[in-house]
Amino acid sequence: MIPADSRPKTATAPVLLVLGAGPGVGLSVARLFGADGYTAVLACRLPEEAEPLAEHLREQGFPAEGAGVDLRDPAHVGRLVAEVGERHGRIDVLHFNPSIFREADPLQLSVADLIEDFTVGAAALLPAVQAARPFLADGARVLVTGSAAADKPWHRAASLGVQKAAVRNLVTSLDATLAPAGIRAVAVQVNGVLGEGACTRDRVAAALHAAATRPAEGWTPHVAYDG
């Protein structure tokens, strides 16, 4: 969980919570929100993976914390999100960034593996938003990193397409459910290979940041990023 000595003493700064943070897109998104004055909480599978990411941001002058979260365990997801909300008094942007790449085609993929991958890459969004809801106020955003695999899955990584199609569908329902309270959800579909061409981590992060910070007027729960 979050080390006590790294927790802020006030709840005045807006808070970004990244689930499935990493040194790529998750860190770049946190840096952009940090420049906007946000405190970033970066949650990885293990605290020892998260803390170096948070330290990297702190070295750049941005307030940040690292935390461990097991996205396979809905109860653990809920506890971590609730702890962040209670500690800061708010969650302003919940960024759901995980995905599982498992090279297995439909004749090799087991049901157990599919369910595990789906749980991390899509279903974990449910307990995260449910736990965050008391701390989401008018103007808060749920941001999801999507993928072209939702429409054009690669057969040799069959579970990834299932994850991305499911989480995109879930975002539609979340947005409709949260909208009356002024809270919006969006999935940004990255139509390219991360790290290649126009889909560098910084460009993708900029697209995610732009999608989350759009005006509410004319809001759509899906944004395509083509580079």
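Residues numbered from 1 in each chain as written. Predicted model: local features only at pLDDT ≥ 70, side-chain atom pairs only at ≥ 80, totals over all residues. Heavy atoms only, no water.

*Asks:* So what's going on with the packing of aromatic side chains? Residues and values would help.
*Replies:* All told, the structure shown has two aromatic pairs when counted by the stated rule. Taking 5.0 Å as the distance between ring centres and 70° as the angle between the ring planes, the aromatic pair formed by Phe 33 and Tyr 38 counts as edge-to-face. Seen from their ring centres, Phe 101 and Trp 154 are 6.3 Å apart, and the 15° between their planes marks the pair as stacked. Remark: Trp 154 occurs in the loop between strand S5 (141–147) and helix H6 (158–178) and Phe 101 occurs in the loop between strand S4 (93–96) and helix H4 (111–123); sequence separation between them is 53 residues. The ring centre of Trp 219 lies 4.7 Å from the NZ or CZ of Arg 141, which sits over that ring. When the ring centre of Trp 219 is taken as reference, the NZ or CZ atom of Arg 214 above it lies at 3.8 Å. (Phe/Tyr/Trp six-rings, centres within 6.5 Å; stacked < 30°, edge-to-face > 60°. Helix = DSSP H or I, 4+ residues; strand = E, 2+ residues; numbered from the N terminus. Lys NZ or Arg CZ within 6 Å of the ring centre and 35° of its normal.)

*Asks:* Run through the confidence of the model for the chain, naming residues and quoting values.
*Replies:* Confidence in the prediction of the chain, expressed as mean pLDDT, is 93, and 94% of residues score 70 or more. Within the model, the stretch residues 1–10 combines pLDDT values under 50 with 20 contacts to residues more than four positions away or in other chains. (pLDDT = per-residue confidence, 0-100. Contact = heavy atoms within 4.5 Å.)

*Asks:* Go over the pattern of salt bridges, please, and point to the residues and values.
*Replies:* Two side chains bearing opposite charge may form a pair once their charged atoms approach each other closely. Per the stated rule, a full pass over the model turns up nine salt bridges. In this structure, Arg 102 engages Asp 113 in a salt bridge whose closest nitrogen and oxygen atoms are separated by 3.6 Å. Of the two residues, Arg 102 is situated in the loop between S4 and H4 and Asp 113 in helix H4; the sequence distance between them amounts to 11 residues. By relative accessible area, which is 25% here, Asp 113 ends up partly exposed. Where Asp 175 meets Arg 184, a salt bridge forms, and the shortest distance between an N and an O atom there is 2.8 Å. Take Arg 184: its relative accessible area is 17%, and that puts it in the buried class. Ionic contacts of the salt-bridge type, sharing partners, join the residues Glu 51, Glu 55 and Arg 58 into one network. (Salt bridge = Lys/Arg side-chain N within 4 Å of Asp/Glu carboxyl O. Buried < 20%, exposed > 50% of the residue type's maximum accessible area, 1.4 Å probe, protein only.)

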